[in-house]
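# Structural description and commentary
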Amino acid sequence: MNLVGASRAELATLLHDLDPRPYRVAQVYQWLTRRLAGSLDEMTNLPKALRESLADRSVIRDPEALEVRRGGEGTAKFAFAYPDGAVVEAVAMPMEGHTTLCLSSQAGCAVGCVFCVTGILGAGRNLTGGEIFGQYRVIMRQEGLVGAPVNVVFMGMGEPLLNLPGITRAVELLAETVSPRRITVSTAGIVPGLAKLAALERRPKLAVSLNATTQEQRERLMPIAARWPLEDLLAALRAFPLERGRRITFEYVMLAGINDSLDDARRLPRLLRGIPCKVNLIPLNPDEQYLAGLAAPDEATISAFAGVLAAAHMNVTVRWSKGRDVAAACGQLRGQVIRERAAP
Ligand code: SF4
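Residues numbered from 1 in each chain as written. Predicted model: local features only at pLDDT ≥ 70, side-chain atom pairs only at ≥ 80, totals over all residues. Heavy atoms only, no water.

What follows concerns the overall build of the chain. When its secondary structure is counted, the chain shows twelve helices and ten strands. Its C-alpha radius of gyration of 21 Å places the chain within 12% of the 20 Å reference for a compact globule of 344 residues. Referenced to the eigenvectors of the C-alpha coordinate spread, the extents of the chain come out at roughly 70 × 50 × 35 Å. Positive and negative charge centroids in the chain, built from 40 and 35 side chains respectively, lie 6 Å apart. (Helix = DSSP H or I, 4+ residues; strand = E, 2+ residues; numbered from the N terminus. Rg over C-alpha atoms; globule rule 2.2 N^0.38 Å. Lys, Arg positive; Asp, Glu negative; His and termini not counted. Charge placed at Lys NZ, Arg CZ, Asp CG, Glu CD.)

Let us now look at the sheet that holds strand β5 (residues 150-154). Pairing is mixed in the open sheet, where ten strands are placed in the order β1-β2-β3-β4-β5-β6-β7-β8-β9-β10. This sheet does not close on itself; its edge strands, each paired only once, are β1 (64-70) and β10 (315-318). Looking at each pair of strands side by side, their axes are set apart by 20° on average, direction ignored. Two elements, strand β7 (residues 205-209) and strand β8 (residues 248-254), share three bridges in a ladder whose sense is parallel. Paired with Val208 across the two strands is Phe250, which belongs to β8. (Pairing = 2+ DSSP bridges. Axes fitted to C-alpha atoms, helices over the stretch in contact; angles between N-to-C directions.)

With that out of the way, let us pick up the site of the ligand. Around the ligand, nine residues are found, and the nearest of them are Cys109, Cys113, Cys116, Gly119 and Gly158. Partitioning the shell around the ligand into residue classes produces six nonpolar, three polar and no charged. (Near = heavy atom within 4 Å. Nonpolar A, V, L, I, M, F, W, Y, C, P; charged D, E, K, R; others polar.)

Moving on: the pattern of salt bridges. Using the criterion set out here, one finds 18 salt bridges in the structure. A salt bridge links Lys48 to Glu52; the shortest N-O distance between them is 3.2 Å. Placement of the pair is Lys48 and Glu52 together in helix α3 (residues 48-57), with a separation of four residues, close to one helical turn. Residue classification places Lys48 among the exposed positions, given a relative accessible area of 55%. Salt-bridge contacts for Glu89 lead to Lys77; the nearest nitrogen and oxygen are separated by 2.9 Å. Of the two residues, Glu89 is situated in strand β3 (residues 87-94) and Lys77 in strand β2 (residues 76-81); the sequence distance between them amounts to twelve residues. Given a relative accessible area of 1%, Lys77 falls into the buried group. Residues participating in the shared-partner salt-bridge network are Arg8, Arg34 and Glu176. (Salt bridge = Lys/Arg side-chain N within 4 Å of Asp/Glu carboxyl O. Buried < 20%, exposed > 50% of the residue type's maximum accessible area, 1.4 Å probe, protein only.)

Moving on: the packing of helix α1 (residues 8-15) against helix α2 (residues 22-33). Put simply, α1 and α2 touch, their axes get as near as 9 Å, and they point 125° apart. The angle between α1 and α2 places the two elements in the oblique class. You can see that α1 and α2 cross each other, and the crossing is right-handed. Contacts from Arg8, Leu11, Ala12 and Leu15 of α1 reach α2 at Arg24, Val25, Val28, Tyr29 and Leu32. (Parallel < 35°, antiparallel > 145°, perpendicular 65-115°, else oblique. Left-handed = near helix turned anticlockwise from the far one by under 90°. Contact = heavy atoms within 4.5 Å.)

Written out as structure tokens, the structure reads:
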């Protein structure tokens, strides 16, 4: 049994004939989820005999960091491998007063957004909650962040709402040290998944990858929109229970000549009317190999677009990519790592 990702109940079962006292279960759980122990030997408040018995029955296995690329602004991008060969990405981005970690929920993505390298590379399996949490554990330890304030966003590879069991367990494990207010789940708009997310007792924050202002345009950019139309998505978001003071973040990847017109900018506030929200404009991170023919608009176009939203009293920010030099857009580092591994 891999202890990374184990729930309290699973640990209680494991410890049942070794030392079933509740405080022992709590101690082991804390070592794994709070202190992010990498080995049983680190659990110094457990008797040695207990650690040895646990070692006979279990392991602590995190994903292997195949590669870490560092960018000029302190951004660190990780390529992680799991024992079955699945490779995913995760990123640590230093911000003011905290670090934001972007984690992956699937080893690929079937959603197929045309502006995303992960989508172009195709579907991959769901990660378990422990495998997702393992990305967090390795980054926190390797970057010296244990105990430091972090935000976690599920905006890496995969569609989190197509892996709700994995995400739910990961959020439960993270919640030992990261408040759900500091965790954001980003979806391409899986309408049935929104209802399930809404039903969670400790709900993370919600972000929606919108990228279009008409159904037709959205279907062209995000094939999944044909299954869950914009109208249904917006209705589900209007019904989504938001805690006091919370807002939904709408991400809008800006693509030159495709979704960056002033008409788009004028339609957006009308579309989102009545939803407490903010809009994040994200100029495309280009990739000549996988995203040929797509480009980010120039700065003047982006500013004009943002200006229209601001004039309509929307809360808008432009997210200039941190760490282009480390292949920061979703799927780009994995694409490179896979290419390099495949090369003779
Ligand atoms: S943007 Fe997100 S949902 Fe779309 S293909 Fe990429 S990983 Fe999947």
